[in-house]
Amino acid sequence: QVQLIESGGGSVQGGGSLRLSCAASGRTFSSYFMGWFRQAPGKEREFVAGISRRGGTTYHADNVKGRFTISRDNAKNTVYLQMDSLKPEDTAVYYCAARETSSYSDWIYKWREYDHWGQGTQVTVSS
């Protein structure tokens, strides 16, 4: 019902910045809770950030708080992840995910609970 396309990944030096975008198809984008996850080689997919349907509530993993900021523009059917002060340990494939819902709980941190996924975009941070 919704297709997600990530963009904005690339290579950057430590301390640098990137902004990821996730563009969604369809006319019901505002019905979805949106999340960002990442996966490094040999590791489990982990939660990075999430945002409520209208953008009024955001969630950020402890290891990115103060550095990453999730936001959304429902008029553009797009969710963003602004990444500042990047570190080599941020290197991973970043995925955009969506779940149609009006209630939030601990499920937002679990990748298996999301219904739709983008193809991923690579972020590489060098020292």
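Structural data are supplied above this passage.
Residues numbered from 1 in each chain as written. Predicted model: local features only at pLDDT ≥ 70, side-chain atom pairs only at ≥ 80, totals over all residues. Heavy atoms only, no water.

**Q** So, the state of the cysteines: which residues are in play, and what are the values?
**A** Joining two cysteines, a disulfide is a covalent bond between their sulfur atoms. Summed over all chains, the structure comprises one disulfide. Across the disulfide from Cys22 sits Cys96; the S-S distance is 2.1 Å. Its S-S torsion of approximately -80 degrees makes the covalent link between Cys22 and Cys96 left-handed. Of this pair, Cys22 sits in strand E3 (residues 18-24) while Cys96 sits in strand E9 (residues 92-100), and the two are 74 residues apart along the sequence. The pair formed by Cys22 and Cys96 is uniform in burial state, with each residue classed as buried. (Disulfide = S-S within 2.5 Å. Helix = DSSP H or I, 4+ residues; strand = E, 2+ residues; numbered from the N terminus. Buried < 20%, exposed > 50% of the residue type's maximum accessible area, 1.4 Å probe, protein only.)

**Q** Kindly report on the pattern of salt bridges, identifying the contributing residues and their values.
**A** Evaluated as defined, the whole model comprises five salt bridges. Its salt-bridge partner being Glu46, residue Arg38 comes within 2.7 Å of it at the nearest N-O pair. Arg38 gets classed as buried once you look at its relative accessible area, which sits at 5%. We note a salt bridge from Arg38 to Asp90, for which the minimum N-O separation is 2.9 Å. Taken together, the positions of Arg38 in strand E4 (residues 32-39) and Asp90 in the loop between strand E8 (78-83) and E9 put the pair 52 residues apart, joining distant regions of the chain. Each of Arg38, Glu46, Arg67 and Asp90 takes part in a single network of salt bridges with overlapping partners. (Salt bridge = Lys/Arg side-chain N within 4 Å of Asp/Glu carboxyl O.)

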